Amino acid sequence: AKQHGRNDYQWYTDDLTQRVHERLILRGDLQQAIELGQFELYYQPQVAVHNGQMCGFEALLRWNHPERGMISPSIFIPMAEATGQIIALSEWVFKRACRDAVMLCTKLTEGAAVAINVSPLHFQRSSFVAFIQRMLDDSGLDPQCLELEVTEGLLLNNIEDAIDTLQELKDKGIKIAIDDFGTGFSSLNYLKRLPIDKVKIDKAFIDDVNEDGRDAAIVQSIISLAHNLQLTVIAEGVETDEQLAFLAKHDCDEIQGYLFARPMPFGDLIRWISQWRQRPEG
Ligand code: C2E
Ligand code: CA
Ligand code: CA
Ligand code: CA
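Anyway, here's the lowdown on the structure attached to this text. (Residues numbered from 1 in each chain as written. Chains lettered and ligands numbered in written order. Predicted model: local features only at pLDDT ≥ 70, side-chain atom pairs only at ≥ 80, totals over all residues. Heavy atoms only, no water.)

**Thoughts on helix α3 (residues 73–83)**
Where α3 is concerned, the buried positions are P73, I75, F76, M79 and A80. Projection of α3 onto a plane perpendicular to its axis shows the buried side chains occupying an angular sector of 155°, all on one side. Looking at α3, the residues exposed on the side facing more than 90 degrees away from the buried face are S74 and A82. (Buried < 20%, exposed > 50% of the residue type's maximum accessible area, 1.4 Å probe, protein only. Helix = DSSP H or I, 4+ residues; strand = E, 2+ residues; numbered from the N terminus. Arc of directions from axis to C-beta.)

**Remarks on the pairing of strand β7 (residues 146–150)**
Counting buried positions over the 5 residues of β7 gives 5, a clear majority of the element. Here β7 shows two buried faces, one formed by L146, L148 and V150 and the other by E147 and E149. Strand direction decides the pairing type here: strand β6 (residues 113–117) and β7, joined by 4 bridges, are parallel. Each residue of the ladder has a partner; that of V114, found in β7, is L146. Taken together, the 4 bridges between β7 and strand β8 (residues 175–181) define a ladder with parallel strand orientation. Residue pairing across strands places E147 opposite K175, the latter belonging to β8. Viewed along the sheet, the connection from β7 through helix α7 (residues 159–171) into β8 turns out right-handed. (Pairing = 2+ DSSP bridges. Right-handed = clockwise from strand over helix to strand, strands pointing away.)

**Some details on the coordination of the calcium ion (ligand 2)**
Protein ligation of the calcium ion (ligand 2) involves Q46 (NE2), E147 (OE) and E149 (OE), the donor distances falling in the range 2.5 to 2.9 Å. Each donor residue of the calcium ion (ligand 2) belongs to the same chain, with the gaps between them written as Q-x100-E-x1-E. Across this residue pair, the class does not change: E147 and E149 are buried. (Donors = N, O, S within 2.8 Å, 3.2 Å for Na, K, Ca; no water.)

**Comments concerning the coordination of the calcium ion (ligand 3)**
Note on the calcium ion (ligand 3): its protein donors are E58 (OE), N117 (OD1), E149 (OE) and D179 (OD). The metal-donor distances range over 2.2 to 2.3 Å. Ordering the donors of the calcium ion (ligand 3) by residue number gives the pattern E-x58-N-x31-E-x29-D. Here the calcium ion (ligand 3) and the calcium ion (ligand 4) are spaced 5.6 Å apart. With N117 in strand β6 and E149 in strand β7, this pair connects stretches of sequence that are 32 residues apart. Judged by relative accessible area, E149 falls into the buried class, the value being 1%.

**Here's the deal with the pairing of strand β3 (residues 39–48)**
Within β3, 9 of the 10 residues are buried, which leaves the element mostly enclosed by the surrounding structure. Hairpin connection from β3 to strand β4 (residues 54–65): 5 residues lie between these consecutive antiparallel strands, with G52 at a positive phi of about 70°. Judged from the 2 bridges that link them, β3 and strand β12 (residues 264–265) form a sheet pairing that is antiparallel. Across the sheet, Y43 pairs through a bridge with M264, a residue of β12.

**Comments concerning the environment of Q256**
Relative to the helices and strands, Q256 is located in strand β11 (residues 254–256). What makes Q256 buried here is its relative accessible area of 1%. C-alpha separation for the pair Q256 and G237, spaced 19 residues apart in sequence, amounts to 6.2 Å. Residue contacts for Q256: discarding those within four places in its chain leaves Q44, P45, Q46, E58, K200, I234, A235, E236, G237 and V238. Within the structure, Q256 has its side chain in polar contact with the side chain of Q44 (distance 2.7 Å). (Contact = heavy atoms within 4.5 Å. Polar contact = N/O pair within 3.5 Å; in protein donor to acceptor, adjacent residues only side chain to side chain.)

**A look at the packing of aromatic side chains**
To describe a pair of aromatic rings, you give the distance between the ring centres and the angle between the ring planes. On inspection of all chains with the given rule, the structure shows 10 aromatic pairs. Aromatic pair F39 and W63: ring centres 5.1 Å apart, planes at 35°, arrangement tilted. Of this pair, F39 sits in strand β3 while W63 sits in strand β4, and the two are 24 residues apart along the sequence. Taking the centre distance of 5.8 Å and the plane angle of 90° together, the rings of F94 and F131 count as edge-to-face. Highlighted residues: F94 in helix α4 (residues 86–108) and F131 in helix α6 (residues 128–139), separated in sequence by 37 residues. Just as F94 is buried, F131 falls in that class too. When the ring centre of Y258 is taken as origin, the NZ or CZ atom of R262, which lies over that ring, is 4.0 Å away. (Phe/Tyr/Trp six-rings, centres within 6.5 Å; stacked < 30°, edge-to-face > 60°. Lys NZ or Arg CZ within 6 Å of the ring centre and 35° of its normal.)

Taken by themselves, the reported measurements are silent on function.
Here it is as structure tokens:
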């Protein structure tokens, strides 16, 4: 059942453990886990290709379960989305990330933003914009230091409402990025209508970009499409120098991936930032 795998998780792959997790969450374990402080936000740096400077930090949720170790968000987030418990969790994420962002983007790295993954269920609530405003007010965070990573899943119910909500957020100065770009079905159709700032190319296209000519063609096309629409492009899941070289050659703006840093706890990030600044080429 337990497998030590990539990403330092213990992956729980078989059906039984899957069902156990499901029941834990259904029992309200997740709410309790919030109260017991079992959740933690990790951050992964985003780096500008042309000068190597840090331009952002993506907040990635971790559940440090006392008996089960680290549970991957790709397991518990879809479940929490299905049960509605994602709302409480997402509220916790925003509260914590906005607080951390004040330190990261005001005191340490001016001009950078903390990127938060947005739950479709949370986004579709009529109170979402007011909630975000409250997070900004409570933390004192500059809206320019906040970036929301949204996926196509957010647009499925009512695209007109979704566009209105995104516009309201953008009007406040918050940045909007389209996450997992290229993995959905209607990407091109909605791209021109959405008030966004950034396109995030999914890791799936980056993995074999140096080996598979089709992936290379797709990545190149996404970059030029985004640039023609005046959007910034970031690639995720960059692990090798060869991938970086390809992306730099084709004018990708920003990079995120293990090549630079894995997602890490806040304290480690603070140390990483000062080391990154002192690197020879920096
Ligand atoms: P995502 O938004 O596509 O996040 C990127 C995932 O790729 C993260 O997985 C990250 O750790 C991983 N990653 C980044 N660089 C590399 C790399 O170079 N190599 C490899 N192999 N992986 C890399 P993670 O942290 O397990 O998160 C999984 C998904 O869970 C995220 O996918 C996102 O959809 C969701 N998620 C994570 N945190 C939150 C959160 O706070 N709220 C919501 N609503 N969803 C979240
Ligand atoms: Ca981002
Ligand atoms: Ca993301
Ligand atoms: Ca992705």
